[in-house]
Amino acid sequence: MATSQNSSGPPDLDSSSPSDQSACSRSSNRSLRVAEIERRKNEAEDPFVLALKYFSDVEAGTPVTGNDDVERNLVAVERVAYSKGLPPEAISIMLEFAMSLRMGTSPCVRVLKCLIPATVVPQEAVVRAVVWLCVGKIPLSTQVLFIKWVLTMFDMIDAKDQLHSIYGFLFSFVTEENLVCVVMILLHCLRLFRVRKLLDLQSKMGRQPFLMHLLSLYKVFCPELVTLSLPSRMKAGFRNHNSQWKSALIAVQKKNSFQVTSSVSLTVRLKDKTNPRKRKHNHLEVPALSSAVNTQTNPSSSRKLVPLVQLHSFSLLLENLHHIELPAQMGSLLGSSLALQYLDCVQDESAFLRLNFWLGHALHEEFLFCSSGVSQNSEEVLQFLDRLLSSQHFLQEGFSSTEAFLYKFLNIWDGSLLRPQILGMLSNIPVVPSSCIRQLLFEPLMQLFFTSTLFFKCGLIECLNSMLLKWLTWHSVYALEDGLDISLNSHTSINMTLSGFKDSLMELVHFVGRLASVGLQIEGCHSLLLSFILDFYETVCDMFLKYGLPLVVMPPAGVFYPALFATDPVSVDRLAHIMYRYKVNLMSAKTQEKQTEQAFHISRQTYREFNHYLVVMVNCLWNSKMFQPGMGVEMEEELLVSSKVPQYWSSFDFIHHPAFLSYAVDFHHKCWPGSRNVDFNSIKHPKPWGWYLEYLYAQGFEGLKQFVQSNISRRSTAGDGQGDGLSADQR
Amino acid sequence: MERHSSVAETPVNSVMVQRRSGSKSFRQSYRSCVGAASHLGYTPGLTTRRLTTSRRAPRSRTVTESVNPEQLSLLVKKEWQLSYVTPLHHFRHTQLRSYSRQLLAFIVAEKQQGLAVALEGAESSLKVVFSVVEGMATTDDDADTVLIQIHSKSVFASQDDPRRLVWSGWLTCINGSPDYVRSLPKDFVCLPLLCSSGAQWLTSLVKSWLERAFDCCIGSLDINSVNLQWLAALWTNCHPESNIGQLKLMWTLPVDPPLEIAFTVHPQDAWELWSSMRGQLQEEEQENEGVGEGAGDKDSVDIDEVTRFIDGLKNHFYRHFRLDLSAGTLSQVSTALGTAKHSGRIKISSSSYMNATLMLLTECALLKMPV
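Residues numbered from 1 in each chain as written. Chains lettered and ligands numbered in written order. Predicted model: local features only at pLDDT ≥ 70, side-chain atom pairs only at ≥ 80, totals over all residues. Heavy atoms only, no water.

As annotated in an unreviewed UniProt entry, chain B is Centromere protein L from Myripristis murdjan. As its UniProt record puts it under Sequence similarities (unreviewed entry), chain B is described as follows: "Belongs to the CENP-L/IML3 family." (UniProt positions renumbered as here; feature names shortened; annotations may be inferred.)

Where an unreviewed UniProt entry is consulted, chain A appears under the name Centromere protein I, with the organism given as Myripristis murdjan. Under the Sequence similarities (unreviewed entry) heading, UniProt states for chain A: "Belongs to the CENP-I/CTF3 family."

Quick look at the structure:
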């Protein structure tokens with residue numbers, strides 16, 4: 001019925017609104033004084049103002065039927081209401097008009113329906129309306145409509161103190177549907193006898209949904225008074241009061257770009273019933289947020305604590321940040337995004353312990369103790385772990401219970417069950433001391449790595465890379481704050497020292513080096529695996545400059561050579577980039593060491609390794625001096641000759657390297673378009689060589705460019721055209 | 001052999017303590033709260049993983065003297081289903097009255113879904129009583145045992161009929177690992193063992209109430225075959241002082257269909273086998289003296305003795321029936337002192353040696369702690 005009446009409203013209003021806006025923008029250009037005059041003039045003629053005047057002055061008993069004035073003015077009000085919303089005064093006037101029934105009940109409903117506030121609803125208007133309600137002439141359906149209206153607009157009422165004082169009156173309206181009105185008030189004042197009365201009512205009326213909802217709200221606010229368990233099939237929340245109002249309100253608010261955030265959501269949060277089928281074990285169910293009954297706080301002495309359940313917005317959370325009462329079950333924090341924000345600033349250790357007990361219990365029961373085996377990839381497990389991961393991601397740290405769980409679980413994991421989730425959790429574990437990292441982490445991981453597929457290997461390397469990144473970030477944040485040596489301000493011996501941290505990190509990097517070497521061998525230097533490994537070394541080579549950690553670890557030969565001789569140019573290019581970054585890091589470490597004469601130093605062995613790799617790379621790619629004695633790859637002369645590869649010493653230079661051969665051919669075609677025979681030696685002349693390098697750089701090989709430019713000083717006029725100087729002699 | 005491995009593990013565990021604390025220190029340093037003596041720095045989960053390899057032989061009458069016999073009679077001669085409970089948060093032994101009310105209201109509310117129940121003066125045919133069983137604890141660290149009883153009155157009973165006990169359960173901690181118990185913050189009470197008996201629906205309601213009220217987690221606790229072997233040996237060890245009736249062992253063999261083998265041993269035979277094991281070991285101990293003082297003690301029982309005892313029984317069985325029991329798992333042990341099942345059911349028939357059994361079960365429960 002409501003729709004048919006109002007359907008004419010919005011469309012013709014929409015047509016008028018653009019002209020309103022344009023008038024507005026035009027007037028904004030003029031001076032304020034002129035605008036003021038204009039406004040007054042407009043007001044005097046504004047049909048809306050006139051209409052309000054009409055409704056506030058109209059005499060009681062004026063007939064409605066056939067009265068064109070009423071119709072015209074009502075349309076004027078409706079037009080404004082649906083386009084911009086009504087200002088507070090207008091709300092007062094119209095509500096007063098409607099509830100006083102000055103013109104009978106028929107316009108009353110229509111007016112109520114268009115009471116869309118632009119900003120706020122004045123409290124007095126509501127109170128007056130309630131007074132009219134008590135007079136009792138209003139038909140029941142209209143009463144209900146009014147109460148629904150109050151409920152919908154509850155957040156927009158400017159003050160609530162007087163409403164609280166008429167709580168008793170409102171409570172007396174507790175008859176079927178009207179009851180809902182009590183809900184809003186009870187949010188702020190609750191008394192014991194009210195609970196009693198409701199319980200009496202419930203015993204009379206049975207399990208009415210609205211009563212249940214009301215009582216469950218009591219449960220939230222006064223857990224010590226009432227207990228209730230909701231049937232799982234109950235629909236959440238009250239019936240949507242009036243979606244029409246809501247949508248109109250939202251439309252108006254959007255137009256006014258003014259958003260009243262709904263501070264009170266009148267829905268009772270039920271556990272999300274994703275799976276109607278009851279599981280045999282429900283360890284993974286995140287408990288519902290509920291306030292604690294057994295709080296030991298002394299109400300007289302301590303500040304008033306606000307249970308977390310009662311906070312519904314971030315701003316409320318901020319306001320109450322220092323007196324929030326933790327929920328009855330800490331596990332419920334994982335279920336609410338708002339609570340997670342709070343968890344980040346909880347400093348209560350027992351709170352974390354409670355959370356860890358719950359989390360550890362859930363994980364243990366599901367994956368370790370469950371005799372029937374882990375339910376394979378069931379939806380719930382996935383959801384739970386994803387939620388856990390996103391919480392850890394949000395907090396940027398792992399829970400200690402997941403850590404303890406993983407150490408056990410890794411020993412029985414098959415490497416495929418929930419792989420992304422498990423690896424995700426693994427990458428979140430905090431720094432493990434070097435003394436036990438082997439037993440806890442490396443041994444189970446090594447077994448998994450060598451017995452699993454290529455994709456698992458890639459996944460694991462990626463996971464270890466992100467673990468390394470997190471450890472480094474962690475270090476760079478905390479170490480900077482506490483000074484270089486973390487142990488300095490610790491009073492006990494249990495803190496982790498910088499050298500301890502370095503040891504752990506070194507263990508990790510060496511471990512990945514070993515995995516990578518063997519992994520590449522097993523998988524035939526698969527370029528996908530190689531790519532993940534190079535990702536890892538991209539992190540490693542920059543540890544000093546990016547994260548301020550005085551530690552440089554070179555890749556093992558098992559990684560370096562496969563990358564250098566890779567058949568895809570991307571790997572070679574990335575290796576060149578990594579070598580370049582190593583150089584930059586080592587150089588700056590050296591200068592810093594000289595300047596500050598600080599105790600930290602990077603071992604000569606590292607410099608030696610770096611120089612060795614550098615010489616190999618330059619000889620191999622640039623100087624065409626492969627297989628020379630003293631280099632990493634040596635072969636007997638006779639063997640090489642018997643292989644019948646012509647000019648074997650140059651077979652891995654920029655031209656003949658399998659990764660760049662196609663580029664060399666292409667370049668040759670471009671340089672000497674006519675020649676049929678591809679003679680690579682012609683590229684080696686100084687000028688084409690320079691062009692060839694430029695050509696390679698133009699293909700996007702930035703790493704090569706950096707490497708060549710930083711390590712090789714080309715004598716532009718040199719006869720043989722091949723740069724030979726190694727500027728990198730850090731010893 | 002187990003002993004050696006445990007010795008080798010000890011340093012690893014002690015390092016573990018450092019590790020946790022180390023990682024905590026990062027958090028602390030940037031939160032710059034809480035002093036260095038932090039509670040999160042402990043790592044009970046990993047330190048207590050170590051299996052006990054030597055126990056004190058049970059002594060009789062330690063409990064019977066200190067505990068009210070009326071309460072004690074409620075605990076014995078009943079089959080209990082075991083569960084482990086993570087430490088209870090904000091549990092107060094002084095609040096038991098209020099817990100009674102809360103649990104009652106919770107049960108009533110759960111029974112009639114959707115009907116709210118006032119906490120004060122909820123009317124019901126049920127009655128919940130929480131009580132403390134004093135004198136059970138063996139160390140100062142042990143929290144007092146709490147007994148929960150639910151009585152019910154049938155619909156047709158008259159006003160004066162006494163309520164019938166329909167469910168009972170108790171939370172206990174006997175000689176819980178002091179490392180673990182002390183490492184917990186002050187607002188936790190560690191009562192890791194829950195024994196329950198009664199209707200299944202009440203068990204699950206009580207459990208979920210406990211979980212909600214004290215933010216703990218409860219899971220089922222089974223008694224693995226090593227612990228069943230321990231019980232068999234410890235009970236047999238009591239024979240000279242108190243007749244153990246018969247030593248009954250039940251094995252489950254993994255064949256299709258599953259084969260259950262019950263093996264009953266005359267108490268005197270069991271005792272003789274056991275004491276010969278003990279004697280044998282003690283002699284060896286004396287020969288290569290000084291390896292360990294504890295094992296040679298008359299008071300303590302070593303895991304080696306226990307496995308030899310069970311192996312002796314198995315060998316005996318093999319001689320007679322050509323069936324090798326080591327392929328199966330020990331699923332039940334029973335004597336006149338009590339019955340323990342692999343599924344986590346236990347019946348303690350004699351209060352005299354109750355403590356030793358409960359100590360072992362407390363230890364099993366603590367091993368299940370997730371953190």
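### Things to note about the overall build of chain A
When its secondary structure is counted, chain A shows 33 helices and five strands. Out of the 731 residues belonging to chain A, those deemed buried represent 51%. For chain A, contacts bridging at least 24 residues in sequence account for 72% of all contacts bridging at least 6. As displayed, chain A has an accessible area near 34,500 Å², and 54% of this comes from carbon and sulfur atoms. (Helix = DSSP H or I, 4+ residues; strand = E, 2+ residues; numbered from the N terminus. Buried < 20%, exposed > 50% of the residue type's maximum accessible area, 1.4 Å probe, protein only. Contact = heavy atoms within 4.5 Å. Areas by Shrake-Rupley, 256 points an atom, 1.4 Å probe, with all protein chains shown as cover.)

### Things to note about the overall build of chain B
The number of helices and strands found in chain B is twelve helices and 16 strands. For chain B, the proportion of its 371 residues judged to be buried stands at 54%. Partitioning the contacts of chain B with sequence separation of at least 6, the portion at a separation of at least 24 is 72%. Carbon and sulfur atoms make up 49% of the accessible area of chain B, which amounts to about 16,400 Å² in all.

### Re the packing of aromatic side chains
Residues and elements named next belong to chain A. The tally for this structure, following the rule as stated, stands at 41 aromatic pairs over all chains. Where phenylalanine 55 meets phenylalanine 97, the ring centres are 4.7 Å apart and the plane angle is 55°; that geometry is what we call tilted. One end of the pair, phenylalanine 55, is in helix 4 (residues 47-57); the other, phenylalanine 97, is in helix 6 (residues 88-99), with 42 residues separating them in the sequence. Neither phenylalanine 55 nor phenylalanine 97 differs from the other in exposure class; each is buried. By the ring-pair criterion, three or more aromatic residues cluster together here, those being Trp622, Phe654, Phe660, Tyr663, Phe667, Trp689, Tyr692, Tyr695 and Phe701. The residue whose ring lies beneath lysine 457 is phenylalanine 449, and the NZ or CZ to ring-centre distance is 5.7 Å. (Phe/Tyr/Trp six-rings, centres within 6.5 Å; stacked < 30°, edge-to-face > 60°. Lys NZ or Arg CZ within 6 Å of the ring centre and 35° of its normal.)

### Remarks on the packing of helix 8 (residues 225-237) of chain B against helix 12 (residues 354-367) of chain B
Residues and elements named next belong to chain B. One way to put it is that helix 8 packs onto helix 12 with a least axis distance of 11 Å and a crossing angle of 165°. On the basis of the axis angle, helix 8 is roughly antiparallel to helix 12. At the point where helix 8 passes helix 12, the crossing takes the right-handed sense. In contact with Asn227, Trp230, Leu231, Leu234 and Trp235 of helix 8, helix 12 contributes Thr357, Leu360 and Cys364. For the contact of helix 8 with helix 12, the per-class residue count stands at six nonpolar, two polar and no charged. (Axes fitted to C-alpha atoms, helices over the stretch in contact; angles between N-to-C directions. Parallel < 35°, antiparallel > 145°, perpendicular 65-115°, else oblique. Left-handed = near helix turned anticlockwise from the far one by under 90°. Nonpolar A, V, L, I, M, F, W, Y, C, P; charged D, E, K, R; others polar.)

### Some points on the nonpolar core
Ranked by size, the top nonpolar core spans 149 residues in total, and within it Leu426(A), Leu441(A), Met579(A), Tyr582(A), Phe654(A), Phe660(A) and Tyr692(A) carry the most contacts. The greatest single-element share of this core, amounting to 13 residues, is contributed by helix 23 (residues 454-482) of chain A. Residues contacting Phe660(A), with those up to four places away along its chain left out, are Pro569(A), Val572(A), Phe654(A), Ile655(A), Tyr692(A), Leu696(A), Phe701(A) and Leu704(A). Within the second largest apolar cluster, 67 residues are counted, among which are Leu184(B), Phe263(B), Val301(B) and Cys364(B). (Core = buried A, V, L, I, M, F, W, Y, C linked by side-chain atoms within 4.5 Å.)

### Overview of the environment of Asn73(A)
Residues and elements named next belong to chain A. When you line up the elements, asparagine 73 lands in helix 5 (residues 68-83). Through-space distance from the C-alpha of asparagine 73 to that of phenylalanine 48 is 7.3 Å; in sequence the pair is 25 residues apart. Apart from the residues lying within four places of it in its own chain, the contact partners of asparagine 73 are Leu50, Ala51, Tyr54 and Phe55.

### A few points about the pattern of salt bridges
The tally for this structure, following the rule as stated, stands at 17 salt bridges over all chains. Among the salt bridges present, the one from Arg128(A) reaches Glu96(A), with a minimum N-O distance of 2.8 Å. Residue Arg128(A) is located in helix 8 (residues 123-135), and its partner Glu96(A) is located in helix 6; the two are separated by 32 residues in the primary sequence. Residue classification places Arg128(A) among the partly exposed positions, given a relative accessible area of 46%. Relative accessible area serves as the criterion here: at 19%, Glu96(A) is assigned to the buried category. Across the pair Arg345(B) and Glu79(B) runs a salt bridge, and its minimum N-O distance is 3.2 Å. (Salt bridge = Lys/Arg side-chain N within 4 Å of Asp/Glu carboxyl O.)

### Overview of the confidence of the model for chain A
All names here are of chain A. For chain A, per-residue confidence averages 75 on the pLDDT scale, and 70% of positions sit at 70 or higher. For chain A, helix 1 (residues 2-6) is the element with the lowest average pLDDT, namely 40, and helix 25 (residues 527-540) is the one with the highest, namely 95. Segment residues 258-280 is flagged for pLDDT under 50; beyond a separation of four residues in sequence, or across chains, it makes 47 contacts in the model. Within the model, the stretch residues 296-302 combines pLDDT values under 50 with five contacts to residues more than four positions away or in other chains. (pLDDT = per-residue confidence, 0-100.)

### Looking at helix 24 (residues 498-522) of chain A
Taking 1.5 Å of rise per residue, 25 residues should cover 36 Å, and helix 24 of chain A covers 36 Å from first to last C-alpha, within 8% of that figure. Following helix 24 of chain A by one or two positions, Gly524(A) adopts a phi angle in the positive range, close to 60°. (Expected span 1.5 Å × (residues − 1).)

### Things to note about unusual backbone geometry
Here Asp256(B) and Pro257(B) are connected by a cis peptide whose omega angle stands at -5°. With respect to the helices and strands, the residue Pro257(B) is situated in the loop between strand 11 (247-253) and strand 12 (259-265). Positive phi is not limited to glycine here, since Leu418(A) has a value of about 50°. Looking at where Leu418(A) falls in the secondary structure, it is placed in the loop between helix 20 (400-409) and helix 21 (419-427).

### A word on helix 33 (residues 702-711) of chain A
Within the span of helix 33 of chain A, buried status applies to Gly703(A), Leu704(A), Phe707(A), Val708(A) and Asn711(A). The arc enclosing the buried residues of helix 33 of chain A, seen along the axis, measures out at 125°, which places them on a common side. (Arc of directions from axis to C-beta.)

### Observations regarding the packing of helix 27 (residues 557-564) of chain A against helix 29 (residues 604-621) of chain A
All names here are of chain A. Axis separation between helix 27 and helix 29 bottoms out at 12 Å; the angle between their running directions is 20°. When the interaxial angle is binned, helix 27 and helix 29 end up roughly parallel. Every pair of crossing elements has a handedness; the one defined by helix 27 and helix 29 is right-handed. On the side of helix 27, the interface is formed by Ala557, Phe560, Tyr561 and Leu564, while helix 29 contributes His612, Tyr613, Val616, Met617, Cys620 and Leu621.

### Considerations on the environment of Tyr613(A)
Residues and elements named next belong to chain A. Its place among the elements puts tyrosine 613 in helix 29. Residues contacting tyrosine 613, with those up to four places away along its chain left out, are Met554, Pro555, Pro556, Ala557, Phe560, Tyr561 and Met579. Among the polar contacts listed, one links the side chain of tyrosine 613 to the backbone nitrogen of alanine 557, at a separation of 3.1 Å. (Polar contact = N/O pair within 3.5 Å; in protein donor to acceptor, adjacent residues only side chain to side chain.)

### Some remarks on the pairing of strand 16 (residues 345-348) of chain B
All names here are of chain B. Of the two faces of strand 16, only one is covered, namely that formed by Ile346 and Ile348; the face formed by Arg345 and Lys347 stays uncovered. Pairing geometry for strand 2 (residues 79-85) and strand 16, over three bridges, is antiparallel. Residue glutamine 81 lies in a different strand from strand 16, and its bridge partner there is arginine 345. As paired strands, strand 15 (residues 338-341) and strand 16 are joined by three bridges and run antiparallel to one another. Each bridged residue has a counterpart across the sheet, and for alanine 340 the counterpart in strand 16 is isoleucine 346. Where strand 15 hands over to strand 16, the hairpin turn is made up of three residues, of which glycine 344 adopts a positive phi near 95°. (Pairing = 2+ DSSP bridges.)

### Concerning the pairing of strand 11 of chain B
Residues and elements named next belong to chain B. The two faces of strand 11 differ: Leu247, Leu249, Trp251 and Leu253 on one face are buried, but Lys248, Met250 and Thr252 on the other face are not. The sheet contact formed by strand 11 and strand 12 spans seven bridges and is antiparallel. Of the residues in strand 12, the one forming a bridge with tryptophan 251 is isoleucine 261. Linking strand 11 to strand 12, which pair antiparallel, is a turn of five residues. Strand direction decides the pairing type here: strand 11 and strand 14 (residues 329-335), joined by five bridges, are antiparallel. Each residue of the ladder has a partner; that of methionine 250, found in strand 14, is glutamine 332.

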